[in-house]
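# A closer look at the structure
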Amino acid sequence: MVDEGARHATDASDDTATPPGEVMIRLRGVRKEYADGTVAVEGLDLDVRRGELVALVGPSGCGKSTILRMVNRLIEPSGGSIEVDGTDVIHADGPTMRRGIGYVIQSGGLFPHRTVADNVATVPRLVGWDRRRTRERVDELLGLVGLDAQRHGPRYPHELSGGQRQRVGVARALAVDPPVLLMDEPFGAVDPLVRDRLQIEFRRLQQRLGTTVLLVTHDIDEAVRIADRIAVLSVGGRLEQYDAPANVLGAPATEFVADFVGADRGLRRLAVTPILDEDLEHPPTVQVSDTTDHALALLEASHLDYAVVLDGDALRGWVSQQALRRGHTVGEVRRRFDDTVDCRDSLKTGFSEIVAHDAGWLPVLDGERYMGVLTPDSVHRALRRLLPERVDGELPRVVNLAV
Ligand SMILES: Nc1ncnc2c1ncn2[C@@H]1O[C@H](COP(=O)(O)OP(=O)(O)OP(=O)(O)O)[C@@H](O)[C@H]1O
């Protein structure tokens, strides 16, 4: 049997295993030894495809920032090769190359004595855009990141909230539409609620613009939420696993990865597990115009106490056996659900709704159309779907990888 973990971990160096898609950032045998002899990165191979968002995660000091900064040569590699969009970064002119690669750091890294508009205009001016084109672009970018050019443009960074500064940092990095964006803990300095929203907004923007993003984060949940692939690194920039979030959580390639993603990785996986038709349960359904006698007969035949009430295929509520004894038509005695779940939501969202409403079940809708109900049991089933094969009822094994 192919060792899944080994395949993922060697993904970048084994051409036959590299998933399809044009490579935008290619690292081969990259090494960084600092002047004091610290080897921060030793022989790293990594590919990032065009339009992909890749998160570098790992414990403090494992070389994440060093790797990121070597890509735009804020740090000079000691060995190996780095290509961005087919250009050899190591031999390119540093300042020119950096203008084509956006860079966002924690808390935005804005110039404090320049207005928001001037901050965003930095690179367009550097590359010689005229005033009008620059202004139009600044207005457009501020709008893109959810700020108002009239209101926020003339302010100074200290007159903004942390989340707003972060947005300006993203706008500034996107100013000349760079094909590649490097982000070092970009959402680290904002509070958790704002962070969640910024992450989702940023992910949408990145997908819309098709920007290739390499992002460093301490926060495994952030990586799981927004990355296409996660590179888990251990000390020395060693690539322990490089794979989609669901696989990193569901099938850690090494014990190091299993430890790093945490004992609660099962819960984390909820966030990246979609709700599928096959996960849903299908209690009896009755139409809102049915008689209560008809509905009671149905429930008695199915030995269940509740039925879902529909009008055609649109959800109209639910009825209990007890309630059905009190009316003539289902419509008179039905009750509404406290909430519904959208079939495009993650299992985490669905499960949170169940917990928040202290409900044993919630209906799942595709637009208006009723699809079935989600229960704690169905959440459990869906999670098991992602687990690697079990051997004789044992817990899934963690593959030990000696690289
Ligand atoms: N200028 C430097 N001189 C010497 N050693 C350095 C220098 N910069 C970083 N290092 C060392 O290189 C290693 C990797 O550092 P790096 O900042 O890349 O890690 P990181 O994974 O980004 O850490 P963190 O998550 O804490 O930011 C660490 O051991 C660090 O102490």
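The present account deals with the structure reproduced in this document. (Residues numbered from 1 in each chain as written. Predicted model: local features only at pLDDT ≥ 70, side-chain atom pairs only at ≥ 80, totals over all residues. Heavy atoms only, no water.)

## Things to note about the site of the ligand
Taken together, 13 residues are adjacent to the ligand, and Ser 60, Gly 61, Lys 64, Ser 65 and Thr 66 come closest. Tyr 34 has a polar side-chain atom sitting 3.5 Å from a nitrogen atom of the ligand. Measuring from an oxygen atom of the ligand, one finds a side-chain N or O atom of Thr 66 at 2.5 Å. Surface burial for the ligand is 61%, taken as the share of its 630 Å² of free accessible area covered by protein chains. If one sorts the elements of the shell around the ligand by residue count, helix α2 (residues 64–71) sits on top with three residues. Of the residues assigned to the shell around the ligand, the class counts are four nonpolar, seven polar and two charged. (Near = heavy atom within 4 Å. Polar contact = N/O pair within 3.5 Å; in protein donor to acceptor, adjacent residues only side chain to side chain. Areas by Shrake-Rupley, 256 points an atom, 1.4 Å probe, with all protein chains shown as cover. Helix = DSSP H or I, 4+ residues; strand = E, 2+ residues; numbered from the N terminus. Nonpolar A, V, L, I, M, F, W, Y, C, P; charged D, E, K, R; others polar.)

## Focus on the sheet that holds strand β7 (residues 180–184)
As summarised here, the arrangement of the six strands in space is β6-β7-β8-β3-β9-β10, forming an open sheet in which the pairing is mixed. Among the strands making up the open sheet, the edge pair consists of β6 (101–105) and β10 (238–243). Shown here is a sheet whose adjacent strand axes are inclined to one another by a mean of 15°, direction ignored. Summarising the sheet, β6 and β7 pair through five bridges and their orientation is parallel. Considered in β7, the bridge of Ile 105 is made with Asp 184. (Pairing = 2+ DSSP bridges. Axes fitted to C-alpha atoms, helices over the stretch in contact; angles between N-to-C directions.)

## Some thoughts on unusual backbone geometry
Of all residues except glycine, most have a negative phi; of all peptide bonds, most are trans. In the Ramachandran plot, Asp 85 falls in the positive-phi region, its phi being about 55° despite a non-glycine side chain. With respect to the element layout, Asp 85 can be found in the loop between β4 (79–84) and β5 (87–88). Unusually for a residue other than glycine, His 303 sits at a positive phi of about 55°. With respect to the secondary-structure elements, His 303 resides in the loop between α14 (292–302) and β12 (306–311). We classify His 303 as exposed; its relative accessible area is 71%. (Buried < 20%, exposed > 50% of the residue type's maximum accessible area, 1.4 Å probe, protein only.)

## With respect to helix α9 (residues 192–209)
Under the 1.5 Å per step criterion, the end-to-end length of α9 is 25 Å for 18 residues, consistent within 8% with the ideal 26 Å. All of the buried residues in α9 are Arg 195, Leu 198, Gln 199, Phe 202, Arg 203, Leu 205 and Gln 206. One face of α9 carries all of its buried residues, which in axial projection span an arc of 165°. Exposed and oriented more than 90 degrees from the buried face of α9 are Leu 193, Arg 204 and Arg 208. Immediately beyond the C-terminal end of α9, within one or two residues, lies Gly 210, with a positive phi of roughly 70°. (Expected span 1.5 Å × (residues − 1). Arc of directions from axis to C-beta.)

## Some words on the side chain of Thr 134
Examined against the element boundaries, Thr 134 turns out to sit in helix α6 (residues 131–144). Overall, Thr 134 belongs to the buried group, its relative accessible area being 5%. A distance of 2.8 Å separates a polar atom in the side chain of Thr 134 from the backbone oxygen of Asp 130. For Thr 134, the contacting residues outside a window of four places in its chain are Ala 121, Pro 124, Arg 125 and Trp 129. (Contact = heavy atoms within 4.5 Å.)

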